[in-house]
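# Structural overview for review
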Amino acid sequence: MADKKPPVKESPITTTDAGIAAASDENSLTAGPNGPILLQDHYLIQKMAQFNRERVPERVVHAKGGGAHGFFEVTEDVTPWCKANFLSKKGLRTPILARFSTVAQEAGSADTVRDPRGFALKFYTQEGNYDLVGNDTPIFFMRDPQKFQDFIHSQKRRADNHLRDNNMQWDFWTLSPESAHQVTFLMTDRGIPRTWRHMNGYGSHTFLWENAGGEKFWVKYHFKTVQGVENFTDADARAMAAEDKDFHLRDLYNSIARGDAPQWRLEMQIMPFNDAADYRFNPFDVTKVWPHKDYPQIPIGRMVLDRNPENYFAEIEQASFEPANMVRGIGPSPDKMLLGRLFSYPDTHRHRIGTNYLELPVNRPLAPVHSYNRDGAMRHSNPPDPVYAPNSFGGPKADPAWELPSWQIEAGEIARTAYVKHAQDDDFGQPGTLYREVLSATDRDHLVTNIVGHLKDGVKPEMQQRAVQYWTKVDAALGARIRAALDGNRAAR
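Summarised in this report is the structure supplied together with it. (Residues numbered from 1 in each chain as written. Predicted model: local features only at pLDDT ≥ 70, side-chain atom pairs only at ≥ 80, totals over all residues. Heavy atoms only, no water.)

## Quick notes on the pattern of salt bridges
Following the criterion strictly, the structure yields 30 salt bridges and no others. For the salt bridge of Asp 131 with Lys 122, the shortest nitrogen-to-oxygen distance reads 3.0 Å. Asp 131 gets classed as buried once you look at its relative accessible area, which sits at 2%. Residue Lys 122 is classed as buried on the basis of its relative accessible area of 0%. The closest approach of N and O atoms between Arg 143 and Asp 427, which form a salt bridge, is 2.4 Å. With Arg 143 in the loop between strand E4 (128–135) and helix H2 (148–155) and Asp 427 in the loop between helix H8 (336–352) and helix H9 (429–438), this residue pair connects regions lying 284 residues apart in the sequence. Exposure remark for Arg 143: the relative accessible area of 19% places this residue in the buried category. Via salt bridges that share partners, Arg 143, Asp 285, Lys 288 and Asp 427 belong to a single interconnected network. (Salt bridge = Lys/Arg side-chain N within 4 Å of Asp/Glu carboxyl O. Buried < 20%, exposed > 50% of the residue type's maximum accessible area, 1.4 Å probe, protein only. Helix = DSSP H or I, 4+ residues; strand = E, 2+ residues; numbered from the N terminus.)

Right under this line is the structure:
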């Protein structure tokens, strides 16, 4: 008996975005076969107008990236330190969205260039969305948001020839000594992760946790890759950029599609609240790390990414992450960079995606929204009356019990000033320790090669000399090796 053929599935009728059936997928409405196209061809006009607006503005920072869905699972008792509901018991799972990215590159760039990687997480908790926005590095280039825009401009394109310029980068870095720790990290092989799956992620900033008893702790987040840290050499990364500009994007998608879900182990550094005041350096300075011997890393949970997006634009490109989204039991610290980002991130989302970006499915919380915000472009769920507070008609009321943890400050004069220095605050000590005590001999050799290669790529001689002085302050032997390599290159000419 012959096998029965499966029934042919009929295709649905094409419609306009308003659901109206379309008469043709191929031919425009014209005045005769050779006549002009008619303005009344609404379907054609809608297709063209929509196509012209397919792209929202790319992110100014972190434009090239990808991501996936998954979950965060609590594996240890966290309640001694934090009262956040999603951390309240072992085994509790919270849905998450993760996005990885390069920082300074554009949307069409290769994702294996030397650049820090963004590591952004959205926890869809029962008490609202919690966003943690960090990098694959535990530190950053500067400690004050006043300099952030200038830093990014130094990594972007020139005004005259519209080309990127290493000279601009070294000009900014050498005039900003606080950048030395991050630049050292960037110029090691960790500056180019082999894949997103093989890199660690960090909250970078210091945050404030509070437990149910009101006890407070300063904390740092460390997501350690279970796959192990793997990096590209500079040469291998350049070869991969030529072969596949989307290597990292493709790797994450394919690994999840074949059932190889990447995992990270969350470990916390936890500092008693009162330790910060006289700690040997400023614990809120994001250019510094807390030595593990002072505050060991404590495992508390794991993150698993096991579901690819079905629509990249809707779920990744339109995803908004903002450090200001914190849930009960978690608050900011006096980290100036973090405090600046509390405003910067939601503001850029309102510009890039639209006023009501939090109504998009990927950004909308699982927790019910009871807000008096209303109207604006693309608003689809305006709150019912009453539309103001206070009111006597049963509208939502705020509850002081949900205030985020905070800290007290001493009153003083309003001033533009740097942090008050602690006993061991300096900009070159930690990068020097990284070079001498953390990197292997091979790592140190690669660091020198990577720095020299970058400095030889269009950087002027006088800027090279400033860079040598910069690296000599990190470590005298490192500076000497870089000077010798540059002098040898000039002699060879």
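And the narrative resumes.
## Structural notes on helix H3 (residues 166–174)
Side chains that are three or four residues apart share a direction in an α-helix, a result of its 3.6 residues per turn. The element H3 is extensively covered by neighbouring structure, given that seven of its nine residues are classed as buried. The backbone nitrogen of Asn 167 lies 2.8 Å from a side-chain oxygen of the residue at the head of H3, namely Asp 165. (Polar contact = N/O pair within 3.5 Å; in protein donor to acceptor, adjacent residues only side chain to side chain.)

## Observations concerning the packing of aromatic side chains
Inspection of the entire model under this criterion finds 30 aromatic pairs. With a centroid separation of 6.3 Å and an interplanar angle of 65 degrees, the aromatic rings of Phe 72 and Phe 86 are classed as edge-to-face. Here Phe 72, found in strand E1 (residues 65–74), pairs with Phe 86, found in the loop between E1 and strand E2 (93–102); they are 14 residues apart in sequence, far enough to count as distant. According to the relative accessible area criterion, Phe 72 is buried, its value standing at 0%. Judged by relative accessible area, which is 4%, Phe 86 ranks as buried. Summarising the aromatic geometry, the rings of Tyr 470 and Trp 471 are spaced 5.3 Å apart at their centres and angled 90 degrees between planes, so their arrangement reads as edge-to-face. Judged by its relative accessible area of 3%, Tyr 470 is buried. Classification of Trp 471 as buried rests on a relative accessible area of 0%. (Phe/Tyr/Trp six-rings, centres within 6.5 Å; stacked < 30°, edge-to-face > 60°.)

## What to know about the environment of Arg 250
Here Arg 250 lies in helix H6 (residues 247–257). Separated by 184 residues in sequence, Arg 250 and Gly 66 have C-alpha atoms that sit 9.0 Å apart. Separated by 2.8 Å, the side chains of Arg 250 and Asp 244 make a polar contact.

## Quick word on the packing of helix H4 (residues 180–187) against H9
The geometry of H4 relative to H9 is characterised by a closest axis approach of 7 Å and an angle of 25 degrees between their N-to-C directions. Considering the angle they form, H4 stands roughly parallel to H9. In this structure, the crossing between H4 and H9 has a hand that is right-handed. Here Ala 180, His 181, Thr 184 and Phe 185 of H4 lie close against H9, whose contacting residues are Gln 430, Pro 431 and Leu 434. Taken together, the residues that form the contact of H4 with H9 break down as four nonpolar, three polar and no charged. (Axes fitted to C-alpha atoms, helices over the stretch in contact; angles between N-to-C directions. Parallel < 35°, antiparallel > 145°, perpendicular 65-115°, else oblique. Left-handed = near helix turned anticlockwise from the far one by under 90°. Contact = heavy atoms within 4.5 Å. Nonpolar A, V, L, I, M, F, W, Y, C, P; charged D, E, K, R; others polar.)

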